Amino acid sequence: MRYLCDVCERLAPPAAFRVEVGVLVMTCARCGNESRARPEEALQGAVTQAQEPVPPLQQRLTPVPVLKVVALRPSDEQVRGAAAVARSEDPFAVPPGFCPKCITARREGAESCASCGLVYANFIPEEQRPSEALQAAWLSVLGRWDDRDAHDRLLSLAVGRGELAMAGRLYRIRLAQAPEDLYAQRGRDEVVRLASASPVGFAPKAQGGLSSRTQLVAAILLFLFLLVSALLIFRQFRLMFGRP
């Protein structure tokens, strides 16, 4: 069986596949992206061949029917449901029952996250807040959730600003709010793909502090200052002991 990957646009057999609630999930052997699809129909004559007895020799020569798959798209009801969730909840808040840092399910009664080690009492929400530019872009995407180009523009902005990890967090929040949201699943997978292709874009930008060039100049000036001070002290000792 071959299929066309949505990400790398390559027609090839899947590296792996599984079935989840009647949906075929295939993993691309090239980029690792997971595509969800539904079986449409086999080649003409496959049913007839299955009903009529076939001689053993002809069975060995009969080609295996090729399964045709088509990519799933959210229905109108799913899109309207996702928009309703976006309007009813804070789009930047992690739903109750999830770790506020890594957004994994919290164990009842636990004081810290088993996945990231966060002590829930020490969590500071401002540290996980996206920039104003990314917040505005995310709100715009929520207003047109079924527009794939809007999602792609958001990811491009996140890569350019070094906030790809934050974009991935926003899509994980949406999945925590609506686990069956196909657009959120696609956005999460795209973040992983972009991070694998460009690890530098996945790393968040440093907030505040001095640049490496400024630190180097400061270190050189400090070294020169210490060197001159040492020479002056050495000269003072020579004068004190009467040596020219």
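Residues numbered from 1 in each chain as written. Predicted model: local features only at pLDDT ≥ 70, side-chain atom pairs only at ≥ 80, totals over all residues. Heavy atoms only, no water.

1. Considerations on the overall build of the protein chain
Basically, it comes down to this: Secondary structure counts use DSSP, requiring at least four H or I residues in a row for a helix and at least two E residues in a row for a strand, with both numbered from the N terminus. What makes two residues a contact is simply this: any of their non-hydrogen atoms within 4.5 Å.
Helices and strands together make up the secondary structure of the protein chain, namely nine helices and six strands. Taking all contacts inside the protein chain whose residues are at least 6 apart in sequence as the whole, residues at least 24 apart take part in 52%.

2. With respect to the UniProt feature "transmembrane region" (unreviewed entry) in the protein chain
We apply this condition: UniProt positions are given in the numbering used here, feature names are shortened, and annotations may be inferred rather than shown by experiment.
Those places that UniProt annotates as "transmembrane region" (unreviewed entry) correspond, in this numbering, to residues 216-234. Helix makes up 100% of residues 216-234 and strand 0%, and the two end C-alpha atoms of the span are 27 Å apart.

3. Some details on the environment of Gln185
Operational definition: Here the term buried applies to any residue with accessible area under 20% of the maximum for its type, exposed to any over 50%, and partly exposed to those in between, with areas from a 1.4 Å probe on protein chains only.
By the secondary structure assignment, Gln185 is in helix H7 (residues 182-197). Of the residues examined, Gln185 reaches a relative accessible area of 10% and is grouped as buried. Along the chain, Gln185 and Arg172 lie 13 residues apart, while their C-alpha atoms are 8.3 Å from each other. For Gln185, the contacting residues outside a window of four places in its chain are Arg36, Leu175, Pro179 and Glu180.

4. Observations concerning the side chain of Gln135
With respect to the secondary-structure elements, Gln135 resides in helix H4 (residues 132-143). Look at Gln135 and you get buried, because its relative accessible area is 19%.

5. Points about H4
Just so we agree on the cut-off: The span you would expect from a helix comes to 1.5 Å times its residue count less one. Note: the arc covers the axis-to-C-beta directions of the helix.
Under the 1.5 Å per step criterion, the end-to-end length of H4 is 17 Å for 12 residues, consistent within 8% with the ideal 16 Å. Here H4 has its buried residues at Leu134, Gln135, Ala137, Trp138, Val141 and Leu142. Along the axis of H4, the buried positions cluster into a sector of 165°, meaning they face one direction only. Structural note: H4 exposes Glu132 and Gly143 on the side pointing more than 90 degrees away from its buried face.

6. Comments concerning the packing of H4 against helix H6 (residues 164-177)
Operational definition: Axis definition: a line fit to C-alpha positions, over the contact stretch in the case of helices; interaxial angles, taken between N-to-C directions, run 0 to 180 degrees. Crossing handedness is read from the near helix: turned anticlockwise from the far helix by less than a right angle, it gives a left-handed crossing, and turned clockwise, a right-handed one. Each residue is assigned to one of three groups, with Ala, Val, Leu, Ile, Met, Phe, Trp, Tyr, Cys and Pro labelled nonpolar, Asp, Glu, Lys and Arg labelled charged, and all others, Gly among them, labelled polar.
One way to put it is that H4 packs onto H6 with a least axis distance of 11 Å and a crossing angle of 35°. Crossing geometry of H4 relative to H6 is assigned as right-handed. Across from Leu134, Trp138 and Leu142 in H4, the residues of H6 making contact are Met166, Ala167, Leu170, Tyr171 and Arg174. Along the lines of polarity and charge, the residues of the contact of H4 with H6 split into seven nonpolar, no polar and one charged.

7. Description of the nonpolar core
Stated precisely, the cut-off is as follows: Working definition of a nonpolar core: buried Ala, Val, Leu, Ile, Met, Phe, Trp, Tyr and Cys residues. They are joined through side-chain atoms within 4.5 Å.
Leu134, Trp138, Trp145, Leu154, Leu155, Leu164 and Tyr171 are the most contacted members of the largest nonpolar core, which totals 21 residues. Of all the secondary structure elements, the ones that give two or more residues to this core are H4, helix H5 (148-161), H6 and H7. Here the element with the most residues in this core is H6; it accounts for six residues. When sequence neighbours within four positions are dropped, the list of residues in contact with Tyr171 reads Trp138, Trp145, His151, Leu154, Leu155, Tyr183, Ala184, Gly187, Arg188 and Val191. Among the nonpolar cores identified, the runner-up in size contains five residues, and Cys99, Cys113, Leu118 and Tyr120 belong to it.

8. Some remarks on the packing of H5 against H6
Between two packed helices, both the angle of their axes relative to each other and the distance between the axes serve to describe the pair. Direction vectors running N to C along H5 and H6 enclose 145°, while the axes themselves pass 7 Å from each other. Here His151, Leu154, Leu155, Ala158 and Val159 of H5 lie close against H6, whose contacting residues are Leu164, Ala167 and Tyr171. Grouping the constituent residues of the contact of H5 with H6 by class yields seven nonpolar, one polar and no charged.

9. Comments concerning the side chain of Asp189
Turning to its location among the elements, Asp189 is positioned in helix H7. Exposure remark for Asp189: the relative accessible area of 16% places this residue in the buried category. Excluding its chain neighbours within four sequence positions, the residues that come into contact with Asp189 are Asn33, Glu34 and Arg36.

10. Some thoughts on the pattern of salt bridges
As a reminder of what qualifies: Any Lys or Arg side-chain nitrogen located within 4 Å of an Asp or Glu carboxyl oxygen qualifies as a salt bridge.
Tallying each qualifying case throughout the model produces six salt bridges. Of the charged contacts in the structure, one is a salt bridge between Asp147 and Arg144, with a shortest N-O distance of 2.5 Å. Among the residues examined, Asp147 registers a relative accessible area of 18% and is labelled buried. Exposure remark for Arg144: the relative accessible area of 39% places this residue in the partly exposed category. Of the charged contacts in the structure, one is a salt bridge between Asp181 and Arg174, with a shortest N-O distance of 3.1 Å. In this structure, Asp181 and Arg174 share a single accessibility class: buried.

11. Considerations on the packing of aromatic side chains
Filter applied, for reference: In this analysis, rings of Phe, Tyr and Trp, with Trp reduced to its six-membered ring, are considered paired at centre separations within 6.5 Å, and the interplanar angle assigns stacked below 30 degrees, edge-to-face beyond 60, and tilted for intermediate values.
Across all of its chains, the model carries three aromatic pairs by this definition. Ring geometry for Trp138 and Trp145: centres 5.7 Å apart, planes at 85°, overall edge-to-face. On the basis of relative accessibility, which here comes to 3%, the residue Trp145 falls in the buried class. A centroid spacing of 6.3 Å and a plane angle of 40° characterise the contact between Trp145 and Tyr171, whose relative ring orientation is tilted. Placement of Trp145 in the loop between H4 and H5 and of Tyr171 in helix H6 is noted, with a sequence separation of 26 residues between them.

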